[in-house]
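Here is how the chains run, residue by residue.
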Amino acid sequence: MCSIVGWFGNISTDEKLHILSHGKERGRDGHGFWIDGEEHRGMGDISTDLYNKLLNGKRVVGNFRATPTTEAESEIDILQPYGGIVHNGVIANDKHFSDEVIDSIVLPQILDPRDFDNLYTNIQKIKGSYALAYFTDNHLMLSCNYKPIYFVKRNGLGEYTRYPFYNHGFMFASTPNMLADYSVPLKPYSIMEIDLSSMSIKTKDLPRIQNNKVLVSASGGLDSTTVAYMLKDEGYDVSLVHLKYDCLAQEKEIDYIKKIAKHGNFDLHFIQMPNVMRGTITEGTYHKSQVEGTEYAMDWVSGRNLLMLAILTAYAESNEFGYIAFGGNLEESGAYPDNEQEFGRKFNEILPFATQNKIKIELLQPISTMMKHEIVKIGVKLKVPYELTWSCYSNDKVHCNNCAPCFMRRVAFERNGWTDPVFV
């Protein structure tokens, strides 16, 4: 849709020019700005006179318009801002408030009064999408659902120690490339208030639909089984999903995951993965020399965790689960990028943009900071039925005790002074 931009405080001319030159990347049908209390609009390129006003502006919010197909074509008198408010998105229930040619025109009616508490209450009246901004006497107010806002906040004294707020500055835009400095995103589905004098920030999350049902990606192995029992112990309503990708041990995994589901009284679902995943575990070329396979694990299946979590997300949304979970752990993060805790964090970052508006699904990775011997120790306390788990890459009658997962789990039990029940 459109882009919104703005700033206040000590922002350099070059930084303002950068924002203005890149702001039109998401809207070329017109532009409008609120500059220190006055509104200005234009079509085509920004005029020299307006450029001068913007470069001298201390408090600015602006919009570069991309006209929706279903709305009136851009004309200068219907461009944003509306009552000092700039907006990126679509308001689907605008006719509920008044009959206007442009949906965003209803925003002053919806958002008044414009303090923080009322913003939290009133923004929830909107059905649709939004990233919006406006100034009050002493604050800049920002809010977004899945529409992005990135910002840069500076608290700097520099040489002007007699004027403690002289070097303070704040700027925001719809995408990070619109800002010349390193920026961070406003949290999706949140509101923010920035005090213009102290630069203090207040934020609050907006409510979304989420329950305590969790869908665990369950292979039948040690890690995912421990995750299922941990989450059950924490009060989640746990269901298991076994994602079949035709690995060599698939028949064994299916057999054992059924036993685990029965033991834990878990609902169990099966999903056949698309036939695009290949690797040593599917081809039977995995390493069988214990230490060689664990010192720096070399066995891999292409895109496995990424595809699994994506499919798990779709299944969770369509079946009303509030959470998904998998057994990514610290031990295997040394070699597998998709076991690194950061992989889970990054996946969580995209989830607000991957599900329907106001639907919240969150990825849990409860053993992402744990080594194998720590996972086993917790699992034994929770009475996880490790005798019912299958970790081996082979499809033999018993665990081979040679592949990397066999070796790691056996040693993990030994480090705790126990014997792994699958090797008894």
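Visitor: For the nonpolar core, give the residues involved together with the corresponding values.
Guide: Membership of the largest hydrophobic core comes to 26 residues, with the highest contact counts inside it found for Val214, Val216, Leu231, Val238, Leu240, Phe266 and Ala325. Every element with two or more residues in this core is listed here: β13 (213-217), α5 (222-233), β14 (237-244), α6 (250-264), β16 (323-325), α11 (372-381) and α12 (404-415). In terms of residues, this core owes the most to one element, α5, which gives 6 residues. Once residues within four sequence positions are removed from consideration, Leu231 is found in contact with Val214, Val216, Tyr236, Val238, Ala325, Leu364 and Pro366.

Visitor: Please provide a residue-by-residue account of the pairing of strand β15 (residues 267-272), values included.
Guide: Side-chain direction in a regular strand flips from residue to residue, so the side chains alternate between the two faces of the sheet. Relative to β15, β14 runs parallel, the two sharing 6 bridges. When the bridges of β15 are listed, Ser239 appears paired with Asp267. Regarding topology, α6 serves as the crossover connection from β14 to the parallel β15, and that connection is right-handed.

Visitor: Tell me about the sheet that holds strand β17 (residues 362-364), and name the residues and values.
Guide: Strand order in this open sheet of 5 strands is β15-β14-β13-β16-β17, and the pairing throughout is parallel. The open sheet has two free edges, formed respectively by β15 and β17, since each of these has just one partner strand. Neighbour-to-neighbour, the strand axes of this sheet turn through a mean angle of 30°, independent of strand direction. As paired strands, β13 and β16 are joined by 3 bridges and run parallel to one another. In the sheet register, Leu215 faces β16, and the bridge partner there is Ile324. The sheet strands contacting α5 are β13, β14, β16 and β17, and the helix crosses β13 at an angle near 170°. Sheet contacts for α6: β14 and β15; angle to β14, the most-contacted strand, approximately 170°.

Visitor: Residue-level account of the packing of α5 against α11, with values.
Guide: Relative to each other, α5 and α11 sit at 40°, their axes nearing to 10 Å. Overall, the two elements α5 and α11 adopt an arrangement that is oblique. Note that α5 runs across α11; the crossing there is left-handed. Of α11, the residues touching α5 (which contributes Leu222, Asp223, Thr226 and Met230) are Lys372, Ile375, Val376, Ile378 and Gly379. For the contact of α5 with α11, the per-class residue count stands at 5 nonpolar, 2 polar and 2 charged.

Visitor: Kindly report on the confidence of the model for the protein chain, identifying the contributing residues and their values.
Guide: On average, the protein chain scores 91 in pLDDT, and the residues at 70 or more come to 92%. In the model, residues 158-165 has pLDDT below 50 throughout and makes 7 contacts with residues more than four positions away in sequence or in other chains.

Visitor: Give me a negative patch on the surface: which residues, what numbers.
Guide: On the surface, Asp29, Glu73, Glu75 and Asp77 cluster together into a negatively charged patch. Look at Asp29 and you get partly exposed, because its relative accessible area is 34%.

Visitor: Explain the pattern of salt bridges to me, using residue names and the numbers behind them.
Guide: Evaluation of the coordinates by the stated rule reveals 17 salt bridges. Among the ionic pairs, Arg410 bridges to Glu414, the shortest N-O distance being 3.1 Å. A residue pair is termed a helical-turn pair when its members lie 3 or 4 positions apart in one helix, as Arg410 and Glu414 do in helix α12 at 4 residues. Classification of Arg410 as buried rests on a relative accessible area of 19%. The class for Glu414 is partly exposed, based on a relative accessible area of 44%. Three or more residues joined by partner-sharing salt bridges are found here, namely Glu342, Arg345, Lys346 and Glu349.

Basis of the calculations
- Residues numbered from 1 in each chain as written.
- Predicted model: local features only at pLDDT ≥ 70, side-chain atom pairs only at ≥ 80, totals over all residues.
- Heavy atoms only, no water.
- Core = buried A, V, L, I, M, F, W, Y, C linked by side-chain atoms within 4.5 Å.
- Buried < 20%, exposed > 50% of the residue type's maximum accessible area, 1.4 Å probe, protein only.
- Helix = DSSP H or I, 4+ residues; strand = E, 2+ residues; numbered from the N terminus.
- Contact = heavy atoms within 4.5 Å.
- Pairing = 2+ DSSP bridges.
- Right-handed = clockwise from strand over helix to strand, strands pointing away.
- Axes fitted to C-alpha atoms, helices over the stretch in contact; angles between N-to-C directions.
- Parallel < 35°, antiparallel > 145°, perpendicular 65-115°, else oblique.
- Left-handed = near helix turned anticlockwise from the far one by under 90°.
- Nonpolar A, V, L, I, M, F, W, Y, C, P; charged D, E, K, R; others polar.
- pLDDT = per-residue confidence, 0-100.
- Patch = residues over 30% accessible without salt bridge, like charges linked within 9 Å, V, L, I, M, F, W, Y side chains within 5 Å.
- Areas by Shrake-Rupley, 256 points an atom, 1.4 Å probe, with all protein chains shown as cover.
- Salt bridge = Lys/Arg side-chain N within 4 Å of Asp/Glu carboxyl O.
- Lys, Arg positive; Asp, Glu negative; His and termini not counted.
- Charge placed at Lys NZ, Arg CZ, Asp CG, Glu CD.

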